[in-house]
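# What the coordinates show
Listed here are the chains, written in short residue letters.
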Amino acid sequence: MEPAPTPPPSPALPNALAHLPIPFQAVDYAAKGYHLDATVNPDQVVDVVSLLDKEGLALDTITGVDWMAQGQMEVVYDFFHLSKALRVVVRTRVPRDNPEVPTIQKVFPGANWHERETHDFFGIRFLGHPNLTPFLLPEDATFHPLRKDFVS
Amino acid sequence: MKNSLKEIFTGFNSLVTGMRITLGEFFKPIVTVQYPHESLKMPKRFRGHIELVRDPETGKAICFACKLCERACPSDCITVEGAKLDGAKKKSVTEYKLDFTKCSLCGSCVEACRDNAIRYTHQYNLASTNREDFIMDLFKRMEDDAKANPMPETPKPEVAPQPPANEAPKAEQPQPAAPAQPN
Amino acid sequence: MITKEVISPPGAPNETFVINLGPQHPATHGVLRVKIVMDGEYVVRAEPICGYIHRMQEKMGENRTYAQFLPNTSRIDYLSAMTYTHGFVGAVERAAKLQVPPRAEYIRVITSEMNRISSHLVWWGAFLLDLGGFTPLLYAFDDREKILDLLEAITGSRLTYSYYRIGGLYNDVDDDFIKGTREFIAQMRPRLKMYRSLVTDNIILRKRLIEIGPISKEMCRKYGATGPVIRGSGIPYDVRKVEPYSAYPEFDFLVPTCEEGDSMARYLVRMEEMVQSLRIIEQALDKLPSGPVMAEKVPRVLKLPAGDYCYAVEAARGRFAVRIVSDNKEIPYRVKLRTPSLSNLSLFEEASAGMLLPDALALMGSLDLVIPDIDR
Amino acid sequence: MEAPPDNAQLLSDCSPYVKFAKLDEMLALGRANSLWPLTFGLACCAIEMMAAGASRFDLSRFGAEVFRPSPRQADLMIVAGTINKKMATAVKTLYDQMPEPKWVIAMGNCAISGGPFVFPGQYAVVEGVEKLFPVDVFIPGCPPRPEALIEGLLKLEEKLTGKRRWPVVKSE
């Protein structure tokens with residue numbers, strides 16, 4: 001087995017994805033830890049993620065944040081590039097009383113578990129998900145522990 | 001045909017190599033520590049449960065119940081109570097309970113303490129048939145120790161971060177120490 | 001090679017049954033449960049069921065201060081506790097704009113790499129135990145004890161170190177540690193050669209692993225698999241190179257990859273990684289700067305400015321990323337832990353379809369799972 | 001003809017060579033020195049349990065190295081790690097499946113009380129394995145060192161036979 005030549009560390013590329021029709025904002029990597037940040041509407045998520053998929057990015061994780069004061073739930077999608085230092089964050093906000101986002105499971109099959117976990121913790125429903133059952137919580141769990149108003 | 005002959009040869013070779021290594025290990029010194037007969041020496045920084053430190057001059061506890069450790073503890077396992085004794089300027093500790101069954105041995109309490117009033121013990125082999133044994137009254141423990149030997153030895157200075165130059169060049173790795181005393 | 005057609009030719013009646021593996025099963029390395037639909041000896045569909053060791057790590061992040069969360073980070077993946085603590089303190093330091101002294105960064109690299117070796121050794125022993133060989137476990141744990149002794153001498157604990165602090169280290173290392181580490185490197189190199197001739201070259205192991213459980217590049221990308229899994233599929237992705245952090249840019253090391261993508265490739269990648277880790281440790285010991293190990297002016301009460309902050313490290317199992325969302329309070333608003341084992345296991349359902357059951361278990365072992373790392 | 005020696009005399013004469021014991025005591029000694037633990041690792045402590053079984057600490061010196069994957073063949077359950085509510089039913093089933101007589105060692109703070117994972121309002125962790133079934137020996141630590149696990153086995157032997165055959169190690 002020959003160790004492959006390692007790729008030279010490429011500089012941060014704020015405009016690497018500038019040709020895509022996604023409202024990206026460049027972020028200072030040293031301060032935040034990611035390069036590009038985009039906030040989109042929930043119904044645009046699948047299209048945006050498909051574009052990123054074509055660019056060869058890999059799915060890092062999906063998570064939620066409960067902004068109780070604003071009455072909103074935020075769904076955060078993280079992506080990383082396999083050879084460049086390029087981290088992309090896509091966010092979307094949904095109303096807290098009816099949190100529904102389309103699933104990206106068809107684009108990235110790996111999203112399946114991340115979406116189930118986010119559903120566990122926040123109760124965010126991923127429309128079109130084939131198996132949105134409790135993942136980390138017990139099979140019969142109906143509570144969402146990472147909601148800010150959760151009491152056990 | 002040629003392939004299977006080659007496989008038989010490689011298989012035989014693997015067998016011989018394995019046997020050779022096993023034989024080589026056979027003549028190496030034993031690595032097992034015969035635990036109850038001998039035991040490893042814990043390194044100086046070993047984190048066992050905490051205990052109260054006594055002032056080498058007065059023989060009393062250094063702790064004056066400022067409760068910094070209680071607040072720093074992530075698992076709420078420390079309860080400290082203090083009272084002002086007659087004629088004393090500062091408070092002094094009257095009760096120090098450690099619920100060791102919740103402790104994660106993270107060391108936040110020892111680092112939070114500004115007066116080095118608590119330190120780690122080297123208790124590494126605790127086991128009991130009774131759970132209550134590990135809800136410890138450290139104040140009573142210290143009092144008992146005070147009765148046994150009224151003046152403590154000078155405490156080991158191993159709490160704050162220090163440059164390596166100050167460190168005594170003493171072997172810190174656990175090594176089989178002298179055989180334990182048979183009961 | 002025995003294919004499915006030999007045992008159940010097309011047209012034969014299709015009879016499937018379900019077997020339940022776990023949550024207590026020696027091959028699942030903990031409390032993973034896998035529901036497997038079988039057709040004879042072949043896996044039709046293997047669905048991992050997680051959550052049997054869910055420990056509320058992310059919830060705990062929201063009810064304690066940044067410093068109080070540190071001991072938790074050692075317990076997410078207890079086999080590479082150092083790297084996980086590194087990920088968390090890295091995120092906090094990035095947000096608080098703390099400058100960590102170079103000596104601390106070097107010692108972090110040394111201890112992280114030692115931890116990586118000890119983690120790979122546990123994987124090596126346990127993986128071969130899965131495949132039916134008991135002896136390697138004894139060798140692996142014997143060598144691992146040497147690392148644990150060294151780490152225990154400086155941190156005070158064998159497994160859950162809590163050694164890094166926000167802004168530096170809990171304690172400086174001493175000369176004994178440096179001497180002991182050099183001795184360990186000298187001992188470990190011939191041991192790795194011995195491992196090679198004892199196990200890696202063994203024909204039984206090769207027959208069990210070569211061409212078993214291939215994972216393609218595309219599958220890795222779609223599932224977000226990282227670490228030795230993606231490198232075993234031929235993609236040289238390593239956070240230490242792609243998003244360099246800490247003192248890693250200052251060291252010369254290779255990212256081992258293997259094109260095949262089978263279980264043997266992942267095995268070889270991990271074995272080579274131990275060699276590279278030894279190289280990094282040696283260089284770091286040679287260049288170890290002097291100075292303090294704690295940043296100046298670390299506030300006692302730490303409040304991060306509002307916003308979200310990410311930090312990724314290369315743990316023994318792959319990319320570990322922390323996302324902290326702060327709302328300018330002492331307590332984080334949200335702590336997200338992106339763990340490598342979860343992504344690595346999520347491809348198991350697709351990769352294991354159509355395999356023989358013992359081969360599927362070999363594939364699972366080659367993913368190197370730590371279950372609390374999945375469940376958190 | 002010489003009178004036959006009395007029993008007491010006979011016993012003391014041969015005591016260096018022969019040991020007499022009640023059957024119960026022999027059974028207890030046999031049980032205590034051939035414990036077959038269940039292969040059952042939950043979390044961090046399981047690694048220390050493996051380390052205790054490996055070459056350096058070597059549980060087989062106490063006859064306890066035969067880790068059985070099936071609860072039907074085991075008589076000792078070492079609960080090494082956190083039990084959460086999803087796992088609790090499985091743990092209880094395993095315990096029920098073990099044949100009598102059986103013993104339980106709670107290794108580590110999580111198994112004793114939920115350990116560092118207990119906080120007000122927690123939703124997932126069972127606060128101590130004692131809530132599920134009785135425990136014989138508690139070993140605190142996070143995780144305990146392998147010596148502590150050995151000490152726990154010796155404590156169990158003490159509980160079974162009523163006395164300790166091994167020296168007591170005092171940590172400084």
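Residues numbered from 1 in each chain as written. Chains lettered and ligands numbered in written order. Predicted model: local features only at pLDDT ≥ 70, side-chain atom pairs only at ≥ 80, totals over all residues. Heavy atoms only, no water.

### Observations regarding the overall build of chain C
The criterion, for reference: Per the convention used, a helix needs a DSSP run of H or I reaching at least four residues, while a strand needs a run of E reaching at least two, with both numbered from the N terminus. Here the radius of gyration uses the C-alpha set of atoms, whereas the globule reference equals 2.2 Å times the residue count to the power 0.38. Categorising residues by exposure relies on relative accessible area from a 1.4 Å probe, with only protein chains included: less than 20% of the type maximum marks a residue as buried, more than 50% marks it as exposed, and the intermediate range marks it as partly exposed. By the convention used here, residues are in contact when the closest approach between their heavy atoms is within 4.5 Å. To be clear on the numbers: accessible area is Shrake-Rupley with a 1.4 Å probe, and residue cover counts the displayed protein chains and nothing else. Charge assignment in this entry is limited to Lys and Arg as positive and Asp and Glu as negative, and neither His nor the chain termini are counted. Taken as the charge centre is NZ of Lys, CZ of Arg, CG of Asp or CD of Glu, depending on the residue.
What chain C contains, in helices and strands, is 16 helices and eight strands. On C-alpha atoms alone, chain C measures out to a radius of gyration of 21 Å, which is about the 21 Å that the 2.2 N^0.38 rule sets for 376 residues. Considered along the principal axes of its C-alpha atoms, chain C spans approximately 75 × 50 × 30 Å. For chain C, with 376 residues in total, the buried portion stands at 72%. For chain C, long-range pairs separated by at least 24 residues make up 71% of all intrachain contacts whose partners lie at least 6 apart in sequence. With an accessible surface of roughly 11000 Å², chain C has 56% of that area assigned to carbon and sulfur atoms. For chain C, the distance from the average position of its 47 positive side-chain charges to the average position of its 47 negative side-chain charges is 4 Å.

### Side note on the overall build of chain B
Along its length, chain B carries four helices and seven strands. Moving toward the C terminus, one meets the helices and strands of chain B in the order α-β-β-α-β-β-α-β-β-α-β. Out of the 183 residues belonging to chain B, those deemed buried represent 40%. For chain B, long-range pairs separated by at least 24 residues make up 73% of all intrachain contacts whose partners lie at least 6 apart in sequence. Carbon together with sulfur atoms contributes 57% to the accessible area of chain B, which is approximately 10900 Å² in total.

### Quick notes on the packing of aromatic side chains
Selection rule: Only rings of Phe, Tyr and Trp enter the pairing, Trp through its six-membered ring, and a pair is recorded when the two centres are within 6.5 Å. The plane angle decides the type: under 30 degrees is stacked, over 60 is edge-to-face, the rest tilted. When the NZ atom of lysine or the CZ atom of arginine is within 6 Å of a ring's centre and also within 35 degrees of its normal, the charge is said to sit over that ring.
As enumerated under the stated definition, the model contains 21 aromatic pairs over all chains in all. With 5.0 Å between their ring centres and 50 degrees between their planes, W113 of chain A and F135 of chain A make a pair best called tilted. One end of the pair, W113 of chain A, is in helix α3 (residues 111-122); the other, F135 of chain A, is in the segment after β7 (125-127), and 22 residues separate them in sequence. Neither residue differs from the other here; W113 of chain A and F135 of chain A are each classed as buried. The aromatic ring of Y333 of chain C is capped on one face by K148 of chain A, whose charged end is 4.1 Å from the ring centroid. One Lys or Arg, R319 of chain C, reaches over the ring of F80 of chain A and ends 4.7 Å from the middle of that ring.

### Looking at the interface of chain B and chain C
Convention followed: Using a 1.4 Å probe, buried area is obtained as the accessible area two parts lose upon being combined, added over both of them. The working definition used for a salt bridge is a side-chain nitrogen of Lys or Arg within 4 Å of a carboxyl oxygen of Asp or Glu. Classification used: nonpolar for Ala, Val, Leu, Ile, Met, Phe, Trp, Tyr, Cys and Pro, charged for Asp, Glu, Lys and Arg, polar for all others including Gly.
Contact residues are listed per partner, giving 38 residues for chain B and 35 residues for chain C. When chain B packs against chain C, the two sides together hide about 2900 Å² of surface, and 46% of this comes from carbon and sulfur. Applying the counting rule to chain B against chain C returns three salt bridges. With a shortest N-O distance of 2.6 Å, E7 of chain B and K207 of chain C are connected by a salt bridge. Contributing elements (two or more residues each) for the side of chain B that touches chain C: α1 (2-26) and α2 (68-72) of chain B. Of the residues that constitute the side of chain B that touches chain C, the class distribution is 17 nonpolar, nine polar and twelve charged.

### Section: unusual backbone geometry
Cis geometry is adopted by the peptide bond preceding P101 of chain D, which originates at E100 of chain D and carries an omega value of -10 degrees. Mapped onto the fold, P101 of chain D is located in the loop between α4 (85-97) and β2 (103-107). Cis geometry marks the peptide bond from C142 of chain D to P143 of chain D; its omega dihedral reads -10 degrees. Relative to the elements of secondary structure, P143 of chain D occurs in the loop between β3 (137-139) and α6 (146-161). With phi around 50 degrees, S246 of chain C is a residue other than glycine that occupies positive phi space. Positionally, S246 of chain C belongs in the loop between α11 (239-242) and α12 (263-287).

### Quick notes on the confidence of the model for chain B
Low pLDDT marks regions whose predicted coordinates should not be analysed in detail. Residue and element names in this part refer to chain B. Rules: For every residue, the pLDDT score states the predictor's confidence, bounded by 0 at the bottom and 100 at the top.
Counting all residues, the mean pLDDT for chain B is 79, and 83% of those residues have values of 70 or more. Mean pLDDT in chain B bottoms out at strand β7 (residues 176-179), which sits at 46, and peaks at strand β5 (residues 118-120), which reaches 89. This stretch, residues 159-183, has a pLDDT under 50; its non-local contacts, to residues over four places away or in other chains, come to 59 contacts.

### Some words on the domain arrangement of chain B
Let me state the cut-off plainly: Where a domain begins and ends is set by an automatic assignment or by a domain database.
Per the domain assignment, the segments of chain B are domain 1 (1-31) and domain 2 (50-148). Computed over C-alpha atoms only, the centres of domain 1 of chain B and domain 2 of chain B are separated by 57 Å.

### Quick word on the interface of chain C and chain A
This is how it is decided: Here a polar contact is recorded for every N or O atom pair within 3.5 Å, except that within protein the pair must consist of a potential hydrogen donor and a potential acceptor, and residues adjacent in sequence are included only if both atoms are side-chain atoms.
In this assembly, 52 residues from chain C lie in contact with 58 residues from chain A. Summing the contributions of chain C and of chain A, the shared interface buries around 4600 Å²; its carbon and sulfur component is 57%. Along the contact surface separating chain C from chain A lie ten salt bridges. Between D60 of chain A and R338 of chain C there is a salt bridge, with the nearest N and O atoms lying 2.4 Å from each other. Linking chain C with chain A are 21 residue pairs in polar contact (both at pLDDT 80 or more). Partitioned by chemical class, the residues of the side of chain C that touches chain A number 25 nonpolar, eight polar and 19 charged.

### Comments concerning the pattern of salt bridges
According to the stated counting rule, one finds 67 salt bridges over all chains in the structure shown. When the shortest N-O distance is used, the salt bridge between E51 of chain B and R141 of chain B registers 3.6 Å. Of this pair, E51 of chain B sits in strand β2 (residues 50-52) while R141 of chain B sits in helix α4 (residues 138-148), and the two are 90 residues apart along the sequence. You can call E51 of chain B buried: its relative accessible area is 17%. Taking the relative accessible area as the measure of exposure, R141 of chain B reaches 31% and is therefore partly exposed. What you see here is one network of salt bridges that share partners, running through D37, D60, E74, D78, R87, R91 and R93 of chain A together with E243, D308, R319, R323 and R338 of chain C.

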